Amino acid sequence: MATAAEWIEGARPRTLPNAIAPVLAGTGAAASLDAAVWWKAALALLVSLALIVGVNYANDYSDGIRGTDDERVGPLRLVGSKLASPKAVRTAAVLSLAIGAVAGLVLAATTAWWLVVVGAVCLAGAWFYTGGSKPYGYSGFGEIAVFVFFGLIAVLGTQYVQALRVDWVGLLLAIGVGAFSSAVLVANNLRDIPTDTESGKVTLAVKLGDTRTRTLHMALLAAPFVISLALVASTPLALAGLLALPLAIRANAPVRTGKGGLELIPALRDSGLALLAWSALSALAVGLG
């Protein structure tokens, strides 16, 4: 029986910046239009956190019953390590996704009902990442999905529910957050290339191979800082985003120096911290600008 600490670890807290950052960025974009609505931002944050915890538990369940996590070098997996039953982990995933769905319905009811369709697509994306008979995460589309769901949809959705429109500032922030979020997954999948190859999980990292995956990680971490320069057209304060550059350089260090296995875990953690710092600084800059 898994302990409370093990359930928390199974929720993959290192990925939580991927949920927090887009809401910060989207709220900053709304504030730049003088349209921030803080209770809607709080609901958007609940949606984002519930979805990422739900997708993490769903991933644990689906990978666990397939045997993908039987030989693992990364953090704890509940089903793969047999600390929790597949049914219990599946229930945790469903409950988390349900919380996100309820909060999303409140936002849709107070904003626009077509957002229900967007929410349904997000829920489907969360489950079928590794669930179902043909999970798209096993075909190399995980990074694209993260870019779309935790970048474009999450940032622009957060801006829209508050400001009732999106603009180019929100779009640039969404691209930056999406690039960072994808970098987190790239670091994770780089570490897992050997075990994923053996289990038949064909991630983008498996397709690209070790060397090109390391190059991709660097490019994804660099992209948001180019966006910081572009955001100067909105406000010179956007240069504050460059203050997160040391974190990004540190995140890429284990990748560019050829580390593997457990030695890549800091790359995943620091990519998330760089994401959070860049999003917070950029959101504050455009909001004040």
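Secondary structure summary: the chain contains 12 helices and 0 strands in total. The secondary structure elements of the chain, listed N-terminal to C-terminal, are α-α-α-α-α-α-α-α-α-α-α-α. The C-alpha radius of gyration computed for the chain amounts to 18 Å, which stays within 12% of the reference 19 Å derived for 289 residues, consistent with globular compactness. Along the first, second and third principal axes, the C-alpha set of the chain runs to 50 × 45 × 30 Å. For the chain, with 289 residues in total, the buried portion stands at 52%. Roughly 12,200 Å² of accessible area belongs to the chain as shown, and the carbon and sulfur atoms make up 72% of that amount.

I52, Y57, L78, V89 and L107 are the most contacted members of the largest nonpolar core, which totals 32 residues. Elements supplying a minimum of two residues to this core: helix 2 (17-31), helix 3 (38-66), helix 4 (86-109), helix 5 (115-127) and helix 6 (142-163). Residue contributions to this core peak at 10 residues, all from helix 3. For L107, the contacting residues outside a window of four places in its chain are K40, L43, A44, V47, A112 and V161. Formed by 27 residues, the second largest nonpolar core is a distinct cluster that contains A29, V169, V186 and V286.

Its identity as a non-glycine residue notwithstanding, D34 has a phi of 55°, on the positive side. One can find D34 in the loop between helix 2 and helix 3. The exposure class assigned to D34 is exposed, which follows from its relative accessible area of 76%. Notably, L164 is not glycine yet its phi reads approximately 65°, a positive angle. Relative to the helices and strands, L164 is located in the loop between helix 6 and helix 7 (168-191). Given a relative accessible area of 52%, L164 falls into the exposed group.

Counted at 1.5 Å a residue, the expected span for helix 10 (residues 210-230) with its 21 residues is 30 Å, and the 31 Å between its end C-alpha atoms agrees. Along helix 10, the positions that sit buried rather than exposed are T213, R214, H217, L220, L221, P224, F225, I227 and S228. For helix 10, the secondary structure elements touched by its buried residues are helix 7, helix 8 (193-199), helix 9 (204-208), helix 11 (245-256) and helix 12 (265-288).

On the surface, a cluster of nonpolar side chains totalling about 300 Å² of accessible area is made up of L229, V232, L239 and L242. Locating L229 in the fold gives a position in helix 10.

The subject of this paragraph is the pattern of salt bridges. Per the stated rule, a full pass over the model turns up 5 salt bridges. D192 is the salt-bridge partner of R191, the closest N and O atoms lying 2.9 Å from each other. Take R191 and D192: they sit in the same class, and that class is buried. Between R214 and D210 there is a salt bridge whose closest N-O contact spans 2.6 Å. With R214 and D210 both in helix 10, this residue pair falls 4 residues apart, about one helical turn. Look at R214 and you get buried, because its relative accessible area is 14%. Here D210 falls in the partly exposed class, since its relative accessible area comes to 36%.

What follows is about the packing of helix 10 against helix 12. It is at 11 Å that the axes of helix 10 and helix 12 come closest, and there the two elements cross at 10°. Considering their axes alone, helix 10 and helix 12 lie roughly parallel with respect to each other. In contact with H217, L221, P224, F225, I227 and S228 of helix 10, helix 12 contributes S271, W278 and S282. Split into classes, the residues belonging to the contact of helix 10 with helix 12 amount to 5 nonpolar, 4 polar and no charged.

The rules behind the values
- Residues numbered from 1 in each chain as written.
- Predicted model: local features only at pLDDT ≥ 70, side-chain atom pairs only at ≥ 80, totals over all residues.
- Heavy atoms only, no water.
- Helix = DSSP H or I, 4+ residues; strand = E, 2+ residues; numbered from the N terminus.
- Rg over C-alpha atoms; globule rule 2.2 N^0.38 Å.
- Buried < 20%, exposed > 50% of the residue type's maximum accessible area, 1.4 Å probe, protein only.
- Areas by Shrake-Rupley, 256 points an atom, 1.4 Å probe, with all protein chains shown as cover.
- Core = buried A, V, L, I, M, F, W, Y, C linked by side-chain atoms within 4.5 Å.
- Contact = heavy atoms within 4.5 Å.
- Expected span 1.5 Å × (residues − 1).
- Patch = residues over 30% accessible without salt bridge, like charges linked within 9 Å, V, L, I, M, F, W, Y side chains within 5 Å.
- Salt bridge = Lys/Arg side-chain N within 4 Å of Asp/Glu carboxyl O.
- Axes fitted to C-alpha atoms, helices over the stretch in contact; angles between N-to-C directions.
- Parallel < 35°, antiparallel > 145°, perpendicular 65-115°, else oblique.
- Nonpolar A, V, L, I, M, F, W, Y, C, P; charged D, E, K, R; others polar.

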